[in-house]
Amino acid sequence: MPGEQHYYSFVEQTLHYFDRPREGMPGGPVDTPAAWRGDELPPLDALAHHLSSAEVQELRRAVAGAAALQRPTLELTAADFPLPLLQPRLAGWRAELSGGRGLCVIRGVPVQDWDQAEQELFFWCFGLHLGRPGQQNPEGDLLGHVRDISDEIDDPMARLYKTAANIDYHCDAADVVGLLCLNSARRGGQSRIVSSVAVYNALLERRPELAPRLFEPFHLDIRDKEVNEAGSTLPIPPCRFSGDTLRTFYHADYFRSAV
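How each quantity is defined
Residues numbered from 1 in each chain as written. Predicted model: local features only at pLDDT ≥ 70, side-chain atom pairs only at ≥ 80, totals over all residues. Heavy atoms only, no water. Helix = DSSP H or I, 4+ residues; strand = E, 2+ residues; numbered from the N terminus. Buried < 20%, exposed > 50% of the residue type's maximum accessible area, 1.4 Å probe, protein only. Contact = heavy atoms within 4.5 Å. Areas by Shrake-Rupley, 256 points an atom, 1.4 Å probe, with all protein chains shown as cover. Core = buried A, V, L, I, M, F, W, Y, C linked by side-chain atoms within 4.5 Å. Pairing = 2+ DSSP bridges. Axes fitted to C-alpha atoms, helices over the stretch in contact; angles between N-to-C directions. Parallel < 35°, antiparallel > 145°, perpendicular 65-115°, else oblique. Nonpolar A, V, L, I, M, F, W, Y, C, P; charged D, E, K, R; others polar. 1 Å grid on protein atoms, 1.4 Å probe; cavity = no way out; pocket = protein on both sides within 12 Å on 5 of 7 lines; lining within 4 Å. Points joined across faces, edges and corners; volume = space filled by probe spheres on them. Salt bridge = Lys/Arg side-chain N within 4 Å of Asp/Glu carboxyl O. Patch = residues over 30% accessible without salt bridge, like charges linked within 9 Å, V, L, I, M, F, W, Y side chains within 5 Å.

Focus: the overall build of the protein chain
Line of reasoning, step 1. A count of helical and extended segments in the protein chain gives seven helices and six strands.
Line of reasoning, step 2. Sequence-ordered secondary structure for the protein chain, helices as α and strands as β, is α-α-β-α-α-β-α-α-β-β-β-β-α.
Line of reasoning, step 3. Within the protein chain, buried positions represent 31% of all 259 residues.
Line of reasoning, step 4. Counting only contacts in the protein chain whose residues sit at least 6 apart along the sequence, the fraction spanning at least 24 positions is 69%.
Line of reasoning, step 5. Accessible area of the protein chain: about 16,200 Å², with a carbon and sulfur share of 51%.

Considerations on the nonpolar core
Line of reasoning, step 1. Of all hydrophobic cores here, the largest spans 23 residues; its most connected members are Leu59, Phe81, Leu83, Leu86, Leu121, Phe122 and Phe126.
Line of reasoning, step 2. Contributions of two or more residues to this core are made by helix 3 (53-68), helix 4 (87-99) and helix 5 (116-128).
Line of reasoning, step 3. Here this core gets six residues from one element, more than from any other, and that element is helix 5.
Line of reasoning, step 4. Aside from chain neighbours lying at most four places away, what touches phenylalanine 122 is Leu59, Val63, Phe81, Val109, Trp114 and Leu180.
Line of reasoning, step 5. Of all hydrophobic cores here, the second largest spans 11 residues; its members include Ala34, Leu204, Cys239 and Leu246.

Thoughts on the pairing of strand 6 (residues 245-248)
Line of reasoning, step 1. The two faces of strand 6 differ: Leu246 and Thr248 on one face are buried, but Thr245 and Arg247 on the other face are not.
Line of reasoning, step 2. Where strand 5 (residues 239-242) meets strand 6, four bridges bridge the pair, whose relative direction is antiparallel. Its bridge partner lying in strand 6, arginine 240 is registered against arginine 247.
Line of reasoning, step 3. Between strand 5 and strand 6, which pair antiparallel and follow one another directly, the connecting turn spans two residues, one of which, glycine 243, has a positive phi of 65°.

Thoughts on the packing of helix 3 against helix 5
Line of reasoning, step 1. Two elements in contact, helix 3 and helix 5, have axes whose closest approach is 10 Å; the angle formed by their N-to-C orientations is 105°. Taken as axis vectors, helix 3 and helix 5 run roughly perpendicular relative to one another. Facing helix 3, whose interface residues are Leu59, Val63, Ala66 and Ala67, helix 5 presents Glu118, Leu121, Phe122 and Phe126.
Line of reasoning, step 2. Within the contact of helix 3 with helix 5, the residues separate by chemical class into seven nonpolar, no polar and one charged.

Concerning the layout of surface pockets
Line of reasoning, step 1. There is about 190 Å³ of room inside the second largest pocket.
Line of reasoning, step 2. As for the second largest pocket, its lining consists of 13 residues, of which Trp36, Arg37, Ala198, Val199 and Ala202 are closest to the centre.
Line of reasoning, step 3. Residue composition of the lining of the second largest pocket, by class: seven nonpolar, three polar and three charged.

Regarding empty space enclosed by the protein
Line of reasoning, step 1. Applying the stated criterion across every chain yields a total of two cavities of 30 Å³ or more.
Line of reasoning, step 2. Each pocket or cavity is described by its volume, and for the largest cavity that value is around 80 Å³.
Line of reasoning, step 3. If you trace the largest cavity, you find it lined by Tyr17, Phe18, Arg20, Ile236, Pro237, Pro238, Arg240, Arg247, Thr248 and Phe249.
Line of reasoning, step 4. Where the lining of the largest cavity is concerned, the elements lending two or more residues are helix 1 (10-18) and strand 6.
Line of reasoning, step 5. A per-class count over the lining of the largest cavity returns six nonpolar, one polar and three charged.
Line of reasoning, step 6. Grouping the amino acids of the lining of the second largest cavity by side-chain chemistry returns three nonpolar, two polar and two charged.

Side note on the pattern of salt bridges
Line of reasoning, step 1. Evaluation of the coordinates by the stated rule reveals eight salt bridges.
Line of reasoning, step 2. Put simply, arginine 37 and aspartate 39 hold a salt bridge, and the shortest N to O gap is 3.5 Å.
Line of reasoning, step 3. Taking relative accessible area as the criterion, arginine 37 reaches 44% and is therefore assigned partly exposed.
Line of reasoning, step 4. Accessibility expressed as a relative area gives 61% for aspartate 39, which makes it exposed.
Line of reasoning, step 5. Residues arginine 60 and aspartate 113 are paired through a salt bridge, measuring 2.5 Å at the closest nitrogen-oxygen approach. Of this pair, arginine 60 sits in helix 3 while aspartate 113 sits in the loop between strand 2 (106-107) and helix 5, and the two are 53 residues apart along the sequence.

Here we look at a nonpolar patch on the surface
Line of reasoning, step 1. On the surface, Val146, Val177 and Leu179 cluster together to form a nonpolar patch covering roughly 320 Å² of accessible area.
Line of reasoning, step 2. Relative to the elements of secondary structure, valine 146 occurs in the loop between helix 5 and helix 6 (196-206).

Below is the structure:
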C-alpha cells in the first residue's frame, strides 16, 4: 500500500535486535551448522549459487517492472518485485540464513547492466524477499555505499566503512547483513567473516571460566552525535541463548570506547 512503512525505524530495529529470548548459558558447546570453521568449508566458488541465464533474466524483468511503477523505492513491496523462478532458491536461502551456516553467496547478479538507482532498487527489493529491512543508524540510512570518502568528511565518529581503515570482526545489529559488490576495489577491500558460534565454542574449550561473562551486560558506546556527555551507553549482553540457538552481538571498538 503506498505510504505504508515496510521497514523498521532505527529504534524499532534496535529493539527488535536486542530483545532476544534468553534462557541462560548453553550446557556445553553449541552444536549447530552455524559453528563452522573456515578451513572446513568448501571453496567459496563451490559454496556460491551461480545464477542461471533464466534467473538473471528474471532479475532484469523484476527491476524494469519495479522501476516502471515510478513509486519511491521505500514504498515498494516484495509483490512489486516478483521472482517466481527464484522462489524455491529464496526459501532455501532463508532457511540457510536462519538455521544453517548463516551465510549465502550469490554470483552473477547483472549489476553492470543497471545505473545506481536501479542497483539500489534491486538490492532493496531483493532483500524484501528475505526479510524486513531496518534503519542502520539515527540518520535513518537503509542502504549504504562502502567506499572511502574520508577526504570528504571531518567526523571522528564516522562509520569505518566510509574510510579505508581496517574494520575488525564485529556483529552488526541486524539478523542478516547483505553486501552487493558493484565494483572490485583496486586493492584491499576484502570482506572477512567468522562464525561467532565457533568462536564461543573455542573460548569455552580454552577459557571456560570466561564464558559466563558473555551473558552479562557490557556497556556499549551508542556513539550518538547528539549525546556527547558521559554515560551515552547501553547495557548489552554479548550473548543470549535460547533453545538450540546462540545469538551474539559483539563489537569490541564500541564496548572499549564506552565511558
